[in-house]
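Each chain, written out:
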Amino acid sequence: MFQQRVLIVGGGLAGLAASMKLAELGVQTSVMSLTPVKRSHSVCAQGGINSVNELTRQEGDSEWLHLDDTVYGGDFLQHQPPVKEMVDWGPRIIDLMDRLGVPFNRTPEGFRDQRRFGGTLHKRTAFAGATTGQQLLYALDEQVRRWQSAGRIAMVEGWDFLGPILDDQGRCRGAVAQNLITMEIRPFPADVVVLATGGCGLIFGRSTMSMASTGSAASRAVQAGARYANGEFIQVHPTAIPGADKLRLMSESARGEGGRVWVPRTPQDPRPPRDIPENERYYFLEERYPTYGNLVPRDIATREIFDICVNDGLSVDPEKPCVYLDLTHIPRDELDRKLGGILRIYEKFQGVDPREVPMKIFPAVHYSMGGLWVDYERSASGGLAKGSPKTHQTNIPGLYAIGECDYHYHGANRLGANSLLSCIFSGLFVAPGIQSMLGSLSDSASDAKYDPLMQSAQADHQKSHDKWLQRDIGGDNPYLIHLELGQIMTSAATVVRHNRTITEAIEKVNELAERAKKCSLSDRGNWTNQNVIFTKALIDMFPLAKAILHGALARDECRGAHYKPEFDMPGIESDDPAERHRQAEEWCTKFEEKNKKWLKTTIAVLDGKGEPSLGYEEVDISLIPPRPRLYGLVGAEIIEEVWKEQHAH
Amino acid sequence: MTTSGKPASFEVRILRQDAPGEPSRWERFRVPYETDMNVISVLQKIAANPRTIDGRDVAPVAWESNCLEEVCGACTMVINGRVRQACSALVDQLLADRPGEIELRPMSKFPVYRDLVVDRQRLFRSLVRVRAWLPIDDYSDRGPGPRQSQAEQEQAYPLTECMSCGCCLEACPQFQKVDLSEYGEGTSDEQRNAAFDRSFLGAHAISQAMLFNGHPIGKTSAAERLDALMAEGGIQVCGNAQNCVAVCPKEIPLTTSIARAGRATTIHTIKKFFDH
Ligand code: SF4
Ligand code: SF4
Ligand code: FES
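First things first, this report covers the structure right here in the doc. (Residues numbered from 1 in each chain as written. Chains lettered and ligands numbered in written order. Predicted model: local features only at pLDDT ≥ 70, side-chain atom pairs only at ≥ 80, totals over all residues. Heavy atoms only, no water.)

Our next topic: the overall build of chain A. Check the secondary structure of chain A and you find 17 helices and 21 strands. Against the compact-globule benchmark of 26 Å for 649 residues, chain A has a radius of gyration of 24 Å, which places it among compact chains. Overall, chain A is about 75 × 60 × 50 Å in size when its C-alpha atoms are taken along their principal axes. Here chain A holds 649 residues, and the buried ones make up 65% of them. Considering only residue pairs separated by 6 or more positions, chain A has 73% of its internal contacts joining residues 24 or more positions apart. When the accessible surface of chain A is summed, it comes to about 22,200 Å², and 51% of that surface belongs to carbon and sulfur atoms. Averaging the locations of the 73 positively and 84 negatively charged side chains of chain A gives two centres separated by 4 Å. (Helix = DSSP H or I, 4+ residues; strand = E, 2+ residues; numbered from the N terminus. Rg over C-alpha atoms; globule rule 2.2 N^0.38 Å. Buried < 20%, exposed > 50% of the residue type's maximum accessible area, 1.4 Å probe, protein only. Contact = heavy atoms within 4.5 Å. Areas by Shrake-Rupley, 256 points an atom, 1.4 Å probe, with all protein chains shown as cover. Lys, Arg positive; Asp, Glu negative; His and termini not counted. Charge placed at Lys NZ, Arg CZ, Asp CG, Glu CD.)

What follows is about the packing of helix 12 (residues 451–469) of chain A against helix 15 (residues 530–554) of chain A. Relative orientation and spacing of two packed helices are given, respectively, by the angle between their axes and the distance between those axes. All names here are of chain A. With their axes 11 Å apart at the nearest point, helix 12 and helix 15 run at an angle of 110° to one another. Viewed along their axes, helix 12 and helix 15 adopt a mutual orientation that is roughly perpendicular. When you trace helix 12 past helix 15, the crossing you get is right-handed. When helix 12 is examined against helix 15, the residues H465, W468 and L469 are found in contact with a partner set consisting of V532, T535, K536 and I539. For the contact of helix 12 with helix 15, the residue count by class is 4 nonpolar, 2 polar and 1 charged. (Axes fitted to C-alpha atoms, helices over the stretch in contact; angles between N-to-C directions. Parallel < 35°, antiparallel > 145°, perpendicular 65-115°, else oblique. Left-handed = near helix turned anticlockwise from the far one by under 90°. Nonpolar A, V, L, I, M, F, W, Y, C, P; charged D, E, K, R; others polar.)

A few words now on the interface of chain A and chain B. Between chain A and chain B, the contact holds 65 residues from the first and 71 residues from the second. Taking both sides of the interface into account, the surface hidden between chain A and chain B amounts to around 5,800 Å²; carbon and sulfur atoms contribute 52%. When residues of chain A are sorted by the area they lose upon contact with chain B, R39(A), R99(A) and R106(A) head the list and together hold 15% of the total. At the junction of chain A with chain B, the criterion picks out 6 salt bridges. For D523(A), the salt bridge goes to R114(B), with nearest N and O atoms at 2.9 Å. At the surface where chain A touches chain B, the tally comes to 37 residue pairs in polar contact (both at pLDDT 80 or more). For the side of chain A that touches chain B, the elements supplying multiple residues, two or more each, are helix 1 (13–24), helix 4 (80–99), helix 5 (132–149), strand 13 (248–249), helix 10 (332–350) and helix 15 of chain A. Counting residues per element, the side of chain A that touches chain B draws most heavily on helix 5 of chain A, which supplies 9 residues. Classifying every residue of the side of chain A that touches chain B gives 23 nonpolar, 21 polar and 21 charged. (Buried area = accessible area lost by both parts, 1.4 Å probe. Salt bridge = Lys/Arg side-chain N within 4 Å of Asp/Glu carboxyl O. Polar contact = N/O pair within 3.5 Å; in protein donor to acceptor, adjacent residues only side chain to side chain.)

This next bit is on the sheet that holds strand 3 (residues 49–50) of chain A. All names here are of chain A. Strand order in the open sheet made by the 3 strands is 3-5-4, with antiparallel pairing throughout. Of all strands in the sheet, those bounded by a partner on one side alone are strand 3 and strand 4 (114–115). With 2 bridges joining them, strand 4 and strand 5 (residues 125–126) adopt antiparallel strand pairing. Looking at strand 5, one finds that R115 is bridged to T125. (Pairing = 2+ DSSP bridges.)

Below, the structure is given as structure tokens:
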């Protein structure tokens, strides 16, 4: 009789959802996390979680339309079966979270209230004030604590994942980790390891992400041979509060509840914003996108705000780029009830009351759509096959990835309030598949025969750790290297990308990576040494940074968050009907050619020298054929008309 | 002073300790002033250049943080004598209140691991003691949870915002540090939990117990939570000093929860008496 165990790395929404479901299935589970899981980055999610609901159904909404909005918003880069399964689960997931005690806002009659989020015309988003992520995470944290107190989940908090342990067949048999307090390094034998380690925002220096979001865990898997997919797709959130240490998120729900984005028509108008009359304000999103208004998909809102400040010179602040996000026309009590949490954050960190004075906001790196490549098994109906051990497994057998650190669901651009859904969904869905994977194994990583494997993995990591501590002093400072990396990545690989800039960035990052390898520690002790932990995470940022840059350089097109002006396809300007028609036909042909070439998943693997090499893989678009994404494009009507003519059956 | 009335730099005094059981000491650093700084960015500056005012190169200061927007609770410490989050402690405000100097200490009610990093496991143990979760049957699809009025949601919501930071415990005169040193090096989880379980729960856990007892599903296990509140280290330890509510960064109505818990436990005792 052998005892099998699953090790979940990461205690955010995805990791905790998987743990509690595995515990319910009777699988022995350990949860490893850098912080007590209740402090994970999921708490920063604010706005809400999407699903079709009874009200939207009555307007004609359906799971199919949620799927359609998601893939259209994502510019068709995501495989569709996982999205279909996720949106089908949506209503059930909200119900489950409701039963777990999440205090969703209520209507006067006592139903769950919903609001509208970007990239859809339906009010699909359930919310708990403006701290939905925190509330969802706490509900899962409570369940995991319940299982822990019953002895069914073991918590491994305060440990840093150093890498997977692979046997000579290349199967994952556990992980090596380091204790952040005692610095002990030891192996954790496990029959399945699940990475649920979130995004990699710290590669960009400041972002909306938490300090733990270094991407180092994903990078360590990649360095062990895992593939990294669509790395170049990084979401830059349109509205964040600029800060010295962090760019704090200002949720899309501020716009979902009626917030309006504007700048004065006169550049740097010195009047206080509320003294500027309506006709002297430029509500540029509403004017340019009459259908979606302030709720266009994120990539578009981000580019418009960036453009208005950087190219049109209309930033409201002469010192730094920013625009107004205005809530002052909404009654105070309504704001407090629906947005209290985020308004308090603004007030606390800016010292200004956003109920009285329009907020100043600017885009910030927010989410990695790309991530570890993971497999899936399609079902006959176009969703995911139940209980398949393939789904969410990386190319390393026994190593899975879920949540933000995998690449499914969001394609080239994520819709707001879809990430909480994808995290919880992937966590819950993967559990039965893992159980069947365990069932197919004939032994356990805790068997004595694996002891030598465990010991040698531990010894390797111990050796490299000891080397760090013995480093000479006087080399580069890791914190300053991180600062430089962030600046390079932010200027080359965020809102607007140019091949020349990316090429230069690759050179600089390569150079910086070499310097980083030689940097010195200011703390060479072996107790709660945050300096060495940070430096190791920094070193591991480079493979992902390189994958992001190489992916971005190679992809000569515009798609979702990846915007290269050189390859943009402008709209139709002509007034002459025949000419318009001809241009539209040309446009559609070009669009199809572009898809033939680029509607592909980028897959990066590291070569022998640790440099990324790229490959491409077809995307499963079997459910909804790609169509032009025309939000706000000049001549959208004629393109749509021609597109329909060409694609009528 | 620079022309803008802001200092060119300021002093930061930090109470440091290398490891558990080691003596603590003050170290002073000079940090160049920048706009929009908070205590986290001050600590980051010191980490990048850990040199004291008297020119000694020292190990960088250890501290905890994650979200940097006052929702994770990690960065709690005592700043200018007041327990709060480092990320939301803005340098401009601190210097306005006390010009020229900022003082940082670790929380005093929890054992120090190193510098500003403390061991707050006891805080989470209290959540186990009061069974701070909903005992739902399973994670299958069973439709929505119970319908709730806006008023019920609005009563529960503030309590659910507790981020387990520990400010309320640091400020509480009844919450005393638990000394685990008698167990020596290899304290087992059981020994540690047993010691925690004899000591005061703390305001955060009492409030959580009330949160779950107010929930339609949580009510089914309300008696267990009340028993926990009445056990050793329970609500009777609270001296009603109200320090907790004054320092809670989430403005959670802790004393209201404590008062409700007091009434509920009294009724529970009487009921139990008659049920026997
Ligand atoms: S009211 Fe009770 S819990 Fe709060 S500070 Fe006072 S003694 Fe502590
Ligand atoms: S009740 Fe308030 S002070 Fe106490 S732990 Fe919770 S958030 Fe912190
Ligand atoms: S870092 Fe999360 S509360 Fe300060």
